[in-house]
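Working through the structure, step by step
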Amino acid sequence: MPPERKSATSSPENGQVPDSAAIRRHPTLFRAVRRRQNPRLRRSDITVTDEAAVKRAVKAASLGNAMEWFDFGIYAYLAGTIGRVFFPSGSDTAQLLSSFATFAVAFLVRPIGGMVFGPMGDKIGRKQVLALTMILMAVGTFAIGLIPSYAAIGFWSPLLLIVFRLLQGFSTGGEYGGASTFIAEYAPDKRRGFFGSFLELGTLAGYTGAAGLVTALTAWLGTDTMDAWGWRIPFLVAGPLGVVGLYLRLRLDDTPAFLKLEEGNVHVSEAANTVETTARGDLAKIFRAHWPTLVLCIALVGAYNINDYMLLSYMPTYLSDELHYSETHGLLILVATMVLLMLLINQVGRLSDRFGRRPLLMAGMLGFFFLSAPSFVLVRQGSLLAVSVGMVMLGLSLVCLLGTMSAALPAMFPTNVRYGSLSVGYNLSTSLFGGTTPLVITALIGATGSDMMPAYYSMAAALVGVVAVACMKETAQKPLAGSPPSVQTEEEAAALVEAQAPAPKF
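First things first, this report covers the structure right here in the doc. For clarity, every value in this text was computed on a predicted model and none was experimentally measured.

Looking at the overall build of the protein chain
Looking only at helices and strands, one finds 23 helices and two strands in the protein chain. The burial tally for the protein chain puts 55% of its 506 residues in the buried class. The contacts of the protein chain with a sequence gap of at least 6 include a subset with a gap of at least 24, amounting to 83%. As displayed, the protein chain offers around 20,500 Å² of accessible surface, 66% of which is attributable to carbon and sulfur atoms.

Let's talk about the nonpolar core
If you look at the biggest cluster of nonpolar residues, it comprises 109 residues, and the most contacted ones within it are Y77, I82, L312, M315 and L409. Sort the elements by how many residues they give to this core and helix α16 (residues 291-322) lands first, with 16 residues. Not counting residues within four places of it along the chain, the set of residues in contact with Y77 comprises Y207, A210, A211, V214, L312, P316, L331, L334 and M338.

Here we look at the pattern of salt bridges
One pass over the structure, following the stated rule, counts seven salt bridges. Across the pair D227 and R84 runs a salt bridge whose closest N-O atoms are separated by 2.8 Å. One end of the pair, D227, is in helix α11 (residues 192-230); the other, R84, is in helix α4 (residues 79-86), with 143 residues separating them in the sequence. According to the relative accessible area criterion, R84 is partly exposed, its value standing at 30%. The partner of D353 in a salt bridge is R357, with the nearest N and O atoms 3.0 Å apart. Residue R357 is classed as buried on the basis of its relative accessible area of 1%. Salt bridges here are not isolated pairs; linked through shared partners, they connect D122, R126, E185 and R418.

Thoughts on the packing of aromatic side chains
Under the counting rule described, the total for this entry stands at 10 aromatic pairs. Put simply, the rings of F86, W231 and F235 touch in pairs and so form one group of aromatic residues. Against the face of F194 rests R350, its NZ or CZ located 4.2 Å from the ring centre.

Section: the side chain of S62
Its location among the elements puts S62 in helix α3 (residues 51-77). S62 has contacts with I183, F198, L199 and G202, leaving out every residue within four places of it along the chain.

Comments concerning a nonpolar patch on the surface
A cluster of nonpolar side chains, contributed by I153, F155, W156, L159, L160 and V163, occupies part of the molecular surface with about 550 Å² of accessible area. Among the elements that take part in the nonpolar patch, helix α9 (residues 156-172) stands out by supplying four residues, more than any other. When you line up the elements, F155 lands in the loop between α8 (150-153) and α9.

Some points on the environment of A462
With respect to the secondary-structure elements, A462 resides in helix α22 (residues 453-471). For the pair A462 and S372, spaced 90 residues apart in the sequence, the C-alpha separation amounts to 9.6 Å. Other than its neighbours up to four places away in sequence, A462 contacts N307, M365, F368 and F369.

So, the side chain of H290
Turning to its location among the elements, H290 is positioned in the loop between α15 (283-289) and α16. Judged by its relative accessible area of 13%, H290 is buried. In contact with H290, not counting residues within four places along its chain, are K285, P414 and V417.

Digging into helix α19 (residues 384-408)
Given a rise of 1.5 Å per residue, 25 residues ought to cover 36 Å, and the 36 Å separating the end C-alpha atoms of α19 matches this to within 8%. The largest bend along α19 reaches roughly 25° and is located at L398. For α19, the tally of buried residues reaches 19 of 25 residues, placing the bulk of the element in the interior.

What to know about unusual backbone geometry
Both trends apply: most residues other than glycine have a negative phi, and most peptide bonds are in trans. Positive phi is not limited to glycine here, since Q477 has a value of about 65°. Inspection of the secondary structure puts Q477 in the loop between α22 and β2 (486-487).

Quick look at α16
Spanning 32 residues, α16 covers only 41 Å between terminal C-alpha atoms, well under the ideal 46 Å at 1.5 Å per step. Extensive coverage of α16 is indicated by the burial of 24 of its 32 residues.

Considerations on the environment of L331
Of note, L331 is situated in helix α17 (residues 327-355). C-alpha separation for the pair L331 and T215, spaced 116 residues apart in sequence, amounts to 6.4 Å. Once residues lying within four places of it in the same chain are set aside, the contact partners of L331 are Y77, A211, V214, T215 and P316.

Concerning the environment of K478
Mapped onto the fold, K478 is located in the loop between α22 and β2. Once the C-alpha coordinates of K478 and A411 are considered, the two residues, 67 residues apart in sequence, prove to be 9.0 Å apart. In contact with K478, other than residues within four places in its own chain, are D189 and R192. Here E474 takes part through its backbone oxygen, which lies 3.2 Å from a polar atom of the side chain of K478.

A few points about the packing of α16 against helix α20 (residues 418-434)
Where α16 contacts α20, the two axes come as close as 8 Å, and the packing angle between them is 45°. Relative to α20, the element α16 lies oblique. As for the relative orientation of α16 and α20, their crossing is right-handed in sense. Facing L294, C297, I298, V301, G302, Y304, N305, I306 and Y309 of α16, the residues of α20 in contact are S421, L422, G425, Y426, L428, S429, T430, F433 and G434. Residues that form the contact of α16 with α20 fall into these classes: 11 nonpolar, seven polar and no charged.

What counts as what
- Residues numbered from 1 in each chain as written.
- Predicted model: local features only at pLDDT ≥ 70, side-chain atom pairs only at ≥ 80, totals over all residues.
- Heavy atoms only, no water.
- Helix = DSSP H or I, 4+ residues; strand = E, 2+ residues; numbered from the N terminus.
- Buried < 20%, exposed > 50% of the residue type's maximum accessible area, 1.4 Å probe, protein only.
- Contact = heavy atoms within 4.5 Å.
- Areas by Shrake-Rupley, 256 points an atom, 1.4 Å probe, with all protein chains shown as cover.
- Core = buried A, V, L, I, M, F, W, Y, C linked by side-chain atoms within 4.5 Å.
- Salt bridge = Lys/Arg side-chain N within 4 Å of Asp/Glu carboxyl O.
- Phe/Tyr/Trp six-rings, centres within 6.5 Å; stacked < 30°, edge-to-face > 60°.
- Lys NZ or Arg CZ within 6 Å of the ring centre and 35° of its normal.
- Patch = residues over 30% accessible without salt bridge, like charges linked within 9 Å, V, L, I, M, F, W, Y side chains within 5 Å.
- Expected span 1.5 Å × (residues − 1).
- Bend = angle between axes of the 7 residues up to and from the residue.
- Polar contact = N/O pair within 3.5 Å; in protein donor to acceptor, adjacent residues only side chain to side chain.
- Axes fitted to C-alpha atoms, helices over the stretch in contact; angles between N-to-C directions.
- Parallel < 35°, antiparallel > 145°, perpendicular 65-115°, else oblique.
- Left-handed = near helix turned anticlockwise from the far one by under 90°.
- Nonpolar A, V, L, I, M, F, W, Y, C, P; charged D, E, K, R; others polar.

Honestly, that's just the spatial picture; any functional story needs more than this.
Structure below.
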């Protein structure tokens, strides 16, 4: 039986591919169909960014993010002290595991926070939700600084610690997805990598501030005084910092992309318009319609976060507990490494705008795969020079991811579900892989007796990351899905419109 001929009116619009013979017979009809599906951009469709507004948005999101991660980093750098204050035991390993288990508890509720705050940000706006997450994180961190020790109130002490860690984790569930979405939607398409890199600059600044404060207090007060009351100071600092972050975030307008979506003025293509008119903030739709991208996001973020938390959160504990470095020396080496990354991260963002997100991400993943083992061999040598070189090797691999990820991840999802989808995917992955990294590595070292387990765990994560990067689409210098192009000048907007004008026929 001969194959059924496709209808001359079939098109991608009704799920069928048009017959090439039909296209030749009816060229005018099919040109009209293509124009209807992909109408030319009008000047009013294109967003011309206000550079001053973009810089204010980047500053508010980045500084707020720095304060969030300052709050979160304090706990990681005080893990040993927290173990002694809240989990008294005869075993140092048991104390450390208890402390890291409480560290991981906050990550268990991060997906819940993402599922609550993400769709909320798609419904009521990015700005309001980011202000709310700032308040909750500051309250949770400040409250930890007020909890009496185990010696004072017994069982209630670790229980209260867990409650406020859960509040921290819940608020953080809406932070990264919202902050990265905020910057991505404000930035012009050709500089999204550069401006996005400031978000992770804020993360590093927060971690550096936390590590620096803990180091200074430990050196000044000594271990006994830190255990007695000094550990409370970094947590109590979170209160006034939270007020500053809230003020900065409330001063901003919402993103141009979200405001255009609210006004219904997005006019890029019929396919995009179909996406924009669906119910925003629908979790069921996120899982149903965007699950392939969610899976890719989870794999990419998992590989990134395992290496991120391994270096920035776990490494000081590794140096002090496994290699018997003093806590102060281990933190000082980490602070120096993070300062170096802060000097490089914006240049990595520029490179991702020029050469693409995938080459930079692939370089970072391959760096961890090939350099983790040599780096930990150097770190195990114990000398200051060897440890520093090993940390820098890991840091250079990490900065390729840090400087690129905050621009790459938001571009994976369309505007109407971007905050929700990214928050869900990012936090599911971070909970499963990132937050458990210190706990898993400590347990693996305890089970195997090998100090090289962090390197092997990092290499396995990087291998998953290589596959994920190979599967992702390149998004550099392209408009965000479901949003109109965003440019820096009126001249760029005019050139975009002119480029779509039909060529004159003579």
